[in-house]
Amino acid sequence: MEQERFDLPQLGQDSSRTYRLGIMGGTFDPIHNGHLVAAEQAYDDLNLDLVVFMPAGSPAFKQGKKIASGEDRYAMTLLATSDNPHFVASRFEVDRPGITYTSETLRLLKEHYPQNVELYFITGADAIADIVRWNNSASIAKNATLVGATRPGYNLDKAAGAIDSSGIDFHVIYLEVPALAISSSYLRERVAKGQSLRYLTPDSVTGYLHKHQLYGAKAGKYAR
Ligand code: NAP
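Residues numbered from 1 in each chain as written. Predicted model: local features only at pLDDT ≥ 70, side-chain atom pairs only at ≥ 80, totals over all residues. Heavy atoms only, no water.

### A closer look at unusual backbone geometry
Just so we agree on the cut-off: Note on conventions: DSSP H or I runs of at least 4 residues are helices, E runs of at least 2 residues are strands, and numbering of each starts at the N terminus.
The linkage connecting Asp29 with the following residue, Pro30, adopts the cis geometry, with an omega of 0 degrees. Positive phi outside glycine occurs at Phe28, with the angle close to 50 degrees. Mapped onto the elements, Phe28 comes out in the loop between β1 (19–26) and α1 (33–45). Positive phi values are uncommon outside glycine, yet Gln213 reaches one of about 50 degrees. Checked against the element boundaries, Gln213 lands in the segment after α8 (203–211).

### Section: the pairing of strand β5 (residues 144–150)
Rule in force here: Only protein chains enter the accessibility calculation, which uses a 1.4 Å probe; a residue is then buried when its area is under 20% of its type maximum, exposed when over 50%, and partly exposed in between. Note: two strands are recorded as paired if DSSP finds a minimum of 2 bridges between them. If you view a crossover with the strands going away from you and the path from the first strand over the helix to the second runs clockwise, you call it right-handed.
With seven of its seven residues buried, β5 lies for the most part within the structure. The alternating pattern of β5 places Ala144, Leu146, Gly148 and Thr150 and Thr145, Val147 and Ala149 on opposite faces, both of which are buried. In the sheet, strand β4 (residues 117–124) pairs with β5 via six bridges, with the strands oriented parallel. The residue bridging Tyr120 from the neighbouring strand is Thr145, located in β5. Here β5 runs beside strand β6 (residues 172–176); their pairing, made up of five bridges, is parallel. Each bridged residue has a counterpart across the sheet, and for Val147 the counterpart in β6 is Ile173. Traced from β5 through helix α6 (residues 157–164) to β6, the parallel crossover comes out right-handed.

### Quick notes on the sheet that holds β1
For clarity, the threshold we go by: In this description, a line fitted to the C-alpha atoms serves as the axis of each element, helices being fitted only across the stretch in contact, and the angle between N-to-C directions of two axes falls anywhere from 0 to 180 degrees. Working rule for contacts: check all heavy atoms of both residues, and any pair within 4.5 Å makes them a contact.
Read across the open sheet, the six strands follow the order β3-β2-β1-β4-β5-β6; overall the sheet is parallel. Whereas interior strands pair on both sides, the edge strands pair on one side only; in this sheet they are β3 (87–89) and β6. In this sheet, neighbouring strand axes are inclined to one another by 25 degrees on average, regardless of whether the strands run parallel or antiparallel. Those strands touched by helix α3 (residues 102–112) are β1, β2 (50–55), β4 and β5, and its axis lies near 160 degrees from that of β4.

Here you go:
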């Protein structure tokens, strides 16, 4: 499948240097401060040039599960990232029909960017622990370094064990992110109970999900 139009940032113009592009992959249902802090930490610690947030259009392991639409998840991601000069939100996966396979995303990105752009795929360490079950995971290993964001105290044995026994040469970096005590499911539960999301996600996201009555939100209830 070829995507005719890309909303991807330009990178790789200076052929005398290497660029490092972070791809923040997730369902972002909804995006929260844990995701934003994780991306900022990856940007700093790994010397990334930019981080592109890419909400999955139709997440592979969430088929048949109820999630907010790609448009809503993209809109909230756009709002949450809009004031950070090295964050970009992209429709790249939301606009691709069919199940969202990371291997396909990374293959298309590799084709799109010049060779001096290196890809860092950032997501939750729980998701990475399962990567051997992902579609064409050997090609993921070839095209990107994986960055697994963890909560403090997270036991890496499962992820490390699965990766070590896979026989595939994955490059994985783990980042401990205290703010990942926040989760999307915690936010959804709070919204449904009419509780405040202040300091858990940007106010613009809170406003959006109430305006569009996502996750059982009642219009107007958020201003508390
Ligand atoms: P998930 O199973 O919903 O998430 C697992 C854990 O990781 C949750 O605790 C989640 O917290 C956290 N998490 C998810 N994305 C994160 C991020 N970018 N930064 C920090 N923590 C994150 O995972 P998912 O959202 O379905 O998938 C994650 C990514 O892996 C997506 O880009 C997806 O397309 C890709 N993936 C690909 C395949 C495949 O190609 N076959 C299969 C599975 C996943 P929150 O709920 O708070 O986000």
